[in-house]
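A look at the structure
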Amino acid sequence: MRKKLIAGNWKMHKTIAEAVALIDALHAALPFVPADRDVVVCPTFTALSSIAARPRGPIGIGAQNVYPESHGAFTGEISPAMLAEIGCAYVIVGHSERRAMFGESDAFIAKKAAAVLAAGMSPIICVGETKQERESGRAQSVVLGQVAGSLAGLEGRLEDVVIAYEPVWAIGTGLTATAADAQTMHAAIRAELRRIGGAAAERVRIQYGGSVKADNVDELMAQPDIDGALVGGAALVAEGFARIANYR
Ligand code: PGA
C-alpha cells in the first residue's frame, strides 16, 4: 500500500508573517490526519525556518527548489543540507514553472533529485505536458521522456522519489484533467517506472497536480495509480487545503 502524499506548493506567496498565520490556521483546521496519508506544506525559503518552529501537528515541511551542490560560490542558491537542517523532508524539483521560466532541463533536475536524496530527503519530481503537446498527441511521450530523463542515475533509489504529474495546461487555470485521463497517464508513468527500476515502481508515489480543489480531489484520489496531490492555489486557504487533505 502506498501512503498518499498531499503537498501544498505555496509558490512565491506569503510574507513570513502571513506564512505563520497560514500554518497556524492550517494546524487548527487539520489537527490530525488519517494514517494512510502524509501532509506537507512547501513555503518560500524565507518562511521555512519560522514555519519549522511553529507547532504543526502532523503537517510536514518541504522546499520548492534547491541547488545540487553542498556549498560554494553559488550566489543566491540554497543547498540540500541547508534544507535538511531546517527539517524539510521533501523538495519539489523541476516544477513546470522552473522548467519554462528558468530553463531547467531533465539532466539538471536529475542532479537536483540526486542531491536531495543524498541529503536524506525525498525529491518531488514534476513532469507534465503543455496544451500544445497534448493537442498534438504527444502528451505521453513528452511526460515519459521527462520521467526517464529526470531519473537518470537514480534507478536504484526509486522508492524514495515522488513523481508529480502536472499537466501544464491545468496549473492555475481551473482546468483539471479528468480523473480517468489522469489515471491513464499515471498508469503509463508507473509502467515507465517499472521499466526503469523494476518492482520498486510499485512503491513510488505519483501525485497529480493542476487545479486540485475540494470538489475534485475525492474522485482523483480514488484512482488506483494516483497517490496524492500537489496543490498550488487551493493550498493558500487553510480550510480549503484541510478539506483536500481530508479527501475521502
Ligand atoms: P494549482 O498549482 O493547484 O494552482 O493549479 C499546482 C502546482 O503548480 O503545483
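For the pair helix α7 (residues 139-150) and helix α8 (residues 179-197), the least separation of the axes is 10 Å and the interaxial angle reads 40°. By the angle class used here, α7 and α8 are oblique. The two elements α7 and α8 cross, and the hand of that crossing is right-handed. Here α7 contributes A139, Q140, V143, L144, V147 and A148 to the contact with α8, which in turn contributes M185, A188, I189, E192, L193, R195 and I196. Taken together, the residues of the contact of α7 with α8 sort by class into 10 nonpolar, one polar and two charged.

Turning our eyes to something else, we now look at the sheet that holds strand β7 (residues 205-209). Ordered in space as β1-β2-β3-β4-β5-β6-β7-β8, the eight strands form a closed barrel in which the pairing is parallel. Taken pair by pair, the neighbouring strands of this sheet meet at an average axis angle of 30°, ignoring direction. With four bridges connecting them, strand β1 (residues 4-9) and strand β8 (residues 228-231) associate as parallel partners. Note that in β8 the partner of I6 across the bridge is A229. Packed on one face of the sheet, α8 meets β5 (122-127), β6 (162-165) and β7 and runs near 150° to β7.

For the rest of this paragraph, the subject is the site of the ligand. Residues in contact with the ligand amount to 13 residues; listed here are only the nearest, K11, H95, E166, G172 and S211. Residue K11 places a side-chain N or O atom 2.7 Å away from an oxygen atom belonging to the ligand. H95 has a polar side-chain atom sitting 2.7 Å from an oxygen atom of the ligand. Across the complex, the protein chains shield 95% of the 280 Å² of accessible surface that the ligand would expose by itself. Here the residues of the shell around the ligand are counted per class, giving four nonpolar, seven polar and two charged.

Inspection of every chain in the model, using the stated rule, returns three aromatic pairs. Judged by centre distance (4.8 Å) and plane angle (35°), the rings of Y67 and F74 are tilted. An aromatic cluster of three or more residues is present, and its members are Y67, F74 and F108. Its guanidinium or amino end placed over the ring of Y247, R37 lies 3.7 Å from that ring's centre, counting from NZ or CZ. Here the basic side chain of R98 rests over the ring of F102, its NZ or CZ set 4.3 Å away from the ring centre.

This brings us to the pattern of salt bridges. Here the structure, examined in full by the defined rule, presents 20 salt bridges. Of the charged contacts, one joins E135 and K131 as a salt bridge, the two residues approaching to 3.3 Å between their closest N and O atoms. Here E135 pairs with K131, and both are found in helix α6 (residues 131-135), just four residues apart, close to one helical turn. Across the salt bridge formed by R157 and D160, the nearest N and O atoms sit 3.2 Å from each other.

Rules behind the numbers
Residues numbered from 1 in each chain as written. Predicted model: local features only at pLDDT ≥ 70, side-chain atom pairs only at ≥ 80, totals over all residues. Heavy atoms only, no water. Axes fitted to C-alpha atoms, helices over the stretch in contact; angles between N-to-C directions. Helix = DSSP H or I, 4+ residues; strand = E, 2+ residues; numbered from the N terminus. Parallel < 35°, antiparallel > 145°, perpendicular 65-115°, else oblique. Left-handed = near helix turned anticlockwise from the far one by under 90°. Contact = heavy atoms within 4.5 Å. Nonpolar A, V, L, I, M, F, W, Y, C, P; charged D, E, K, R; others polar. Pairing = 2+ DSSP bridges. Near = heavy atom within 4 Å. Polar contact = N/O pair within 3.5 Å; in protein donor to acceptor, adjacent residues only side chain to side chain. Areas by Shrake-Rupley, 256 points an atom, 1.4 Å probe, with all protein chains shown as cover. Phe/Tyr/Trp six-rings, centres within 6.5 Å; stacked < 30°, edge-to-face > 60°. Lys NZ or Arg CZ within 6 Å of the ring centre and 35° of its normal. Salt bridge = Lys/Arg side-chain N within 4 Å of Asp/Glu carboxyl O.

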